[in-house]
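Breakdown of the fold
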Amino acid sequence: SAAFMAPAGLALVTGNFPEGPQRTKALGLASGLLYTAIQFGTALGLSAVTAVNVAALGEGISPQAALQTALIVPVVAAILGAIVIAFGLRTGSSRSPDGALSLR
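Treat the numbers as computed from the prediction; the structure is a model and nothing was measured.

Overview of the overall build of the protein
Across its full length, the protein holds 4 helices and 0 strands. Reading the secondary structure of the protein in the N-to-C direction produces α-α-α-α. Buried positions account for 13% of the 104 residues belonging to the protein. Residue pairs at least 24 apart in sequence account for 50% of intrachain contacts in the protein once pairs closer than 6 positions are excluded.

Written as structure tokens, this is what we have:
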């Protein structure tokens, strides 16, 4: 997912900010936030899958069934992410008269 998220996020910033110091500032901020989000999401996802796997193993089911149960976590996370994105894209953004976003 990082292979898709980083270029898409940076392309959005590049297309919406005018060249110059504002774009440089926006690219720096976006790059840092994207990298942090990717690392945090990976750590949280692995932790959640491991916790569900260990909990399922504690109930005495087979290791394969525990793993199948644990792998439901990424599916649920993807569905929740899609819902958040769908509702988040419906909100408008404020733009300047020339159509560019402004970073204050």
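A short note on the packing of helix 2 (residues 21-58) against helix 3 (residues 63-70)
When two helices pack together, their arrangement is given by the angle between the helix axes and the distance between those axes. Running from N to C, helix 2 and helix 3 cross one another at 145 degrees; their axes reach a closest spacing of 8 Å. The two elements helix 2 and helix 3 meet at a crossing, and its hand is right-handed. From helix 2, Val-49, Val-52, Asn-53, Ala-56 and Leu-57 reach across to helix 3, where they touch Pro-63, Ala-66, Leu-67, Thr-69 and Ala-70.

Brief notes about helix 2
Look at helix 2: 55 Å from first C-alpha to last across 38 residues, which is about the 56 Å you get at 1.5 Å a residue. When helix 2 is considered as a whole, its buried residues turn out to be Arg-23, Ala-26, Ala-30, Leu-34, Ile-38, Val-49 and Ala-56. After helix 2 finishes, the residue Gly-60 shows a positive phi value of roughly 85 degrees.

A look at the environment of Pro-7
With respect to the secondary-structure elements, Pro-7 resides in helix 1 (residues 2-16). Along the primary structure Pro-7 and Ser-31 are separated by 24 residues, whereas in three dimensions their C-alpha atoms are 9.7 Å apart.

Describing a nonpolar patch on the surface
Taken together, the side chains of Ile-72, Val-75, Val-76, Ile-79, Leu-80, Ile-83 and Phe-87 present a nonpolar region at the surface, about 660 Å² in accessible area. With respect to the element layout, Phe-87 can be found in helix 4 (residues 72-88). For Phe-87, a relative accessible area of 55% puts it in the exposed group.

Some points on the side chain of Arg-23
Looking at the element boundaries, Arg-23 is found in helix 2. Among buried charged residues, Arg-23 stands out as having no salt bridge; its nearest opposite-charge side chain is Glu-19, 4.3 Å away. Here Phe-17 takes part through its backbone oxygen, which lies 2.9 Å from a polar atom of the side chain of Arg-23. Not counting residues within four places of it along the chain, the set of residues in contact with Arg-23 comprises Thr-14, Phe-17 and Pro-18.

Structural notes on the packing of helix 3 against helix 4
The interhelical angle for the contact between helix 3 and helix 4, taken along N-to-C directions, is 10 degrees, at an axis separation of 4 Å. Classed by the angle they form, the pair helix 3 and helix 4 counts as roughly parallel. In contact with Gln-68, Thr-69 and Ala-70 of helix 3, helix 4 contributes Ile-72, Val-73 and Pro-74. A per-class count over the contact of helix 3 with helix 4 returns 4 nonpolar, 2 polar and no charged.

Thoughts on the confidence of the model for the protein
Chain-level statistics for the protein give a pLDDT mean of 81 and a share of 83% at 70 or above. For the protein, helix 1 is the element with the lowest average pLDDT, namely 78, and helix 3 is the one with the highest, namely 89.

Conventions adopted
- Residues numbered from 1 in each chain as written.
- Predicted model: local features only at pLDDT ≥ 70, side-chain atom pairs only at ≥ 80, totals over all residues.
- Heavy atoms only, no water.
- Helix = DSSP H or I, 4+ residues; strand = E, 2+ residues; numbered from the N terminus.
- Buried < 20%, exposed > 50% of the residue type's maximum accessible area, 1.4 Å probe, protein only.
- Contact = heavy atoms within 4.5 Å.
- Axes fitted to C-alpha atoms, helices over the stretch in contact; angles between N-to-C directions.
- Left-handed = near helix turned anticlockwise from the far one by under 90°.
- Expected span 1.5 Å × (residues − 1).
- Patch = residues over 30% accessible without salt bridge, like charges linked within 9 Å, V, L, I, M, F, W, Y side chains within 5 Å.
- Areas by Shrake-Rupley, 256 points an atom, 1.4 Å probe, with all protein chains shown as cover.
- Salt bridge = Lys/Arg side-chain N within 4 Å of Asp/Glu carboxyl O.
- Lys, Arg positive; Asp, Glu negative; His and termini not counted.
- Polar contact = N/O pair within 3.5 Å; in protein donor to acceptor, adjacent residues only side chain to side chain.
- Parallel < 35°, antiparallel > 145°, perpendicular 65-115°, else oblique.
- Nonpolar A, V, L, I, M, F, W, Y, C, P; charged D, E, K, R; others polar.
- pLDDT = per-residue confidence, 0-100.

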